[in-house]
Amino acid sequence: SAVISQKPSRDICQRGTSLTIQCQVDSQVTMMFWYRQQPGQSLTLIATANQGSEATYESGFVIDKFPISRPNLTFSTLTVSNMSPEDSSIYLCSAKTDSGANVLTFGAGSRLTVL
Amino acid sequence: AQSVSQHNHHVILSEAASLELGCNYSYGGTVNLFWYVQYPGQHLQLLLKYFSGDPLVKGIKGFEAEFIKSKFSFNLRKPSVQWSDTAEYFCAVTHSSGNTPLVFGKGTRLSVIA
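These lines cover the structure that appears in this document, whether it is placed above or below.

A separate point is the interface of chain B and chain A. Taken together, the contact between chain B and chain A spans 19 residues of the former and 15 residues of the latter. Carbon and sulfur atoms make up 58% of the area that chain B and chain A hide from each other, which totals about 1,400 Å². In terms of surface lost to chain A, no three residues of chain B exceed His43, Leu44 and Phe104 of chain B, which account for 32% of the buried area on that side. One can count 0 salt bridges joining chain B with chain A.

The next thing to look at is the sheet that holds strand 8 (residues 75-80) of chain A. Hydrogen bonds between backbone atoms are what pair the strands of a sheet, whose relative direction is either parallel or antiparallel. Residues and elements named next belong to chain A. Read across the open sheet, the 4 strands follow the order 1-3-8-7; overall the sheet is antiparallel. Only two strands of the sheet have a single neighbouring strand rather than two, namely strand 1 (4-7) and strand 7 (68-72). Sheet twist, expressed as the average angle between the axes of neighbouring strands with direction ignored, equals 15 degrees. Of the strand pairs in this sheet, strand 3 (residues 19-25) and strand 8 are connected by 6 bridges, and their pairing is antiparallel. Bridge pairing in strand 8 links Thr20 to Thr79.

On to the pairing of strand 8 of chain A, then. Residue and element names in this part refer to chain A. With respect to burial, strand 8 is a largely interior element, 6 of its 6 residues being buried. Residue alternation in strand 8 divides its side chains into two sets, Phe75, Thr77 and Thr79 and Ser76, Leu78 and Val80, and both sets are buried. One ladder, built from 3 bridges, connects strand 7 with strand 8; its direction is antiparallel. Each residue of the ladder has a partner; that of Ser69, found in strand 8, is Thr77.

So, about the layout of surface pockets. Approximately 710 Å³ is the volume found for the largest pocket. Broken down by secondary-structure element, the contributors of at least two residues to the lining of the largest pocket are strand 9 (89-96) and strand 11 (110-114) of chain A together with strand 10 (87-95) and strand 12 (108-113) of chain B. Element by element, the count of residues in the lining of the largest pocket is highest for strand 11 of chain A, at 4 residues. Roughly 320 Å³ of volume is contained in the second largest pocket.

Turning our attention to the pattern of salt bridges. Throughout the structure, instances matching the rule amount to 5 salt bridges over all chains. In this structure, Lys65 of chain A engages Asp87 of chain A in a salt bridge whose closest nitrogen and oxygen atoms are separated by 2.6 Å. Remark: Asp87 of chain A occurs in the loop between strand 8 and strand 9 and Lys65 of chain A occurs in the loop between strand 6 (56-57) and strand 7; sequence separation between them is 22 residues. Of the charged contacts in the structure, one is a salt bridge between Asp85 of chain B and Lys78 of chain B, with a shortest N-O distance of 2.9 Å. The class for Asp85 of chain B is buried, based on a relative accessible area of 1%. Three or more residues are tied together by salt bridges with common partners; here these are Lys58, Glu64, Glu66 and Arg77 of chain B.

All names here are of chain B. In strand 4 (residues 23-26), alternate side chains face the same way, and those of Cys23 and Tyr25 are buried while those of Asn24 and Ser26 on the opposite face are not. Here strand 1 (residues 3-6) pairs with strand 4 via 4 bridges, running antiparallel. Its bridge partner lying in strand 4, Ser5 is registered against Asn24.

Here we take up the state of the cysteines. Counting across every chain of the model gives 2 disulfides over all chains. Here Cys23 of chain A is linked by a disulfide to Cys93 of chain A, with a sulfur-sulfur distance of 1.9 Å. Between Cys23 of chain A and Cys93 of chain A the disulfide shows an S-S torsion of about -70 degrees. By sign, it is left-handed. In this pair, Cys23 of chain A is assigned in strand 3 and Cys93 of chain A in strand 9, connecting sequence segments 70 residues apart. Under the relative-accessibility criterion, Cys23 of chain A is labelled buried at 0%. Disulfide pairing is shown between Cys23 of chain B and Cys91 of chain B; the S-S distance is 1.9 Å.

Right, let's talk about the environment of Ala114 of chain B for a bit. Looking at the element boundaries, Ala114 of chain B is found in the segment after strand 12. Separated by 29 residues in the primary sequence, Ala114 of chain B and Asp85 of chain B have C-alpha atoms spaced 12 Å apart.

Cut-offs and rules
Residues numbered from 1 in each chain as written. Chains lettered and ligands numbered in written order. Predicted model: local features only at pLDDT ≥ 70, side-chain atom pairs only at ≥ 80, totals over all residues. Heavy atoms only, no water. Contact = heavy atoms within 4.5 Å. Buried area = accessible area lost by both parts, 1.4 Å probe. Salt bridge = Lys/Arg side-chain N within 4 Å of Asp/Glu carboxyl O. Pairing = 2+ DSSP bridges. Helix = DSSP H or I, 4+ residues; strand = E, 2+ residues; numbered from the N terminus. Axes fitted to C-alpha atoms, helices over the stretch in contact; angles between N-to-C directions. Buried < 20%, exposed > 50% of the residue type's maximum accessible area, 1.4 Å probe, protein only. 1 Å grid on protein atoms, 1.4 Å probe; cavity = no way out; pocket = protein on both sides within 12 Å on 5 of 7 lines; lining within 4 Å. Points joined across faces, edges and corners; volume = space filled by probe spheres on them. Disulfide = S-S within 2.5 Å.

Any functional reading would require information that these geometric values do not contain.
As structure tokens, this is what we get:
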């Protein structure tokens, strides 16, 4: 299956700042997904990013806080805006990389700590 | 809305013990079911999946899971665990159409001791 690369792998950020996470897939994919994994919690879907259209956000997540770009079929970014300590989490990028299969492949995640 | 319940937060087993991790889901349609594993410091990886057919599915590293539709369950099993199975295990469900998000359970941490 395809490989998904994320950067940064980890970062320590100051309250009130914003950070953009990049996600690169080594093949073209239609749908990319951004998940959050808070300490001791499961993975929660933030949004689905389709190329050529606006991202679709899940309940509890808004574009102003988590703007997403999807400029082409292999790349996406997630920005965590105006961060607070509650945003400390692992953010994971994923995609369905096997044609016709309903299986997600995940990147290694970006661990953000907000002070 | 879809939901997934994993019954055990943390399981501690000795090597060679048998493993069963519970997973129940709440969803009214035709589902695809997954177990993902996250070894310490590594990516989430697919362990096994159920789409249709034989409800007993086999995955990598000797793991298997059984889909029991009447119980809305998809429990993960391994007859004899190894120290290297120490990891976090996540059950997940989505509609078989692929048009709904993948919903995860809270995960079960497995610690295998020598």
